[in-house]
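# Notes for the structure review
Below, each chain spelled out in residue letters.
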Amino acid sequence: MFSLWVTLEITPEGREEFLEAIAINARASVRDEEGCYRFDVIELGVGTNRFALYEVYRDEAAFELEHKKARHYFDYRDVSSRVVVPGSQANVSGELFKTFTWAE
């Protein structure tokens, strides 16, 4: 499986627009993309306007050929171009090694 960890900061005035856009993108990704298994949105400290996205896909092709071509992705990118603090976004990707759960 392919995983992606994205961190970014949102402008204070863009917070609500970002939260709406990322919720639509995340829901549509797991609902409509066969290869998207997980899409978490994490606020890194209450009220900081810093967020992380954790996404898991069947493989890198599912990310590149399904997710990055989906209408909801382009809609989110349009919003993010206005509300993400320039230079604040960092993307790290890789193969998912192992998932541990509370039951293990």
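Note that the structure is a prediction, hence the values are computed from the model and not measured.

Let us now look at the environment of Arg71. Along the polypeptide, Arg71 turns up in helix α3 (residues 71–83). Taking the C-alpha atoms as reference, Arg71 lies 9.4 Å from Ala28; in sequence the two are 43 residues apart.

Looking now at the sheet that holds strand β1 (residues 2–9). Read across the open sheet, the four strands follow the order β2-β3-β1-β4; overall the sheet is antiparallel. Here the strands that pair on one side only, and so sit at the sheet edges, are β2 (36–43) and β4 (90–95). Taking each pair of neighbouring strands and ignoring which way they run, the sheet shows an average axis angle of 10°. Pairing of β1 with strand β3 (residues 50–57), which is carried by eight bridges, proceeds in the antiparallel orientation.

Procedures and definitions
Residues numbered from 1 in each chain as written. Predicted model: local features only at pLDDT ≥ 70, side-chain atom pairs only at ≥ 80, totals over all residues. Heavy atoms only, no water. Helix = DSSP H or I, 4+ residues; strand = E, 2+ residues; numbered from the N terminus. Pairing = 2+ DSSP bridges. Axes fitted to C-alpha atoms, helices over the stretch in contact; angles between N-to-C directions.

This is a description of form; function is not addressed.
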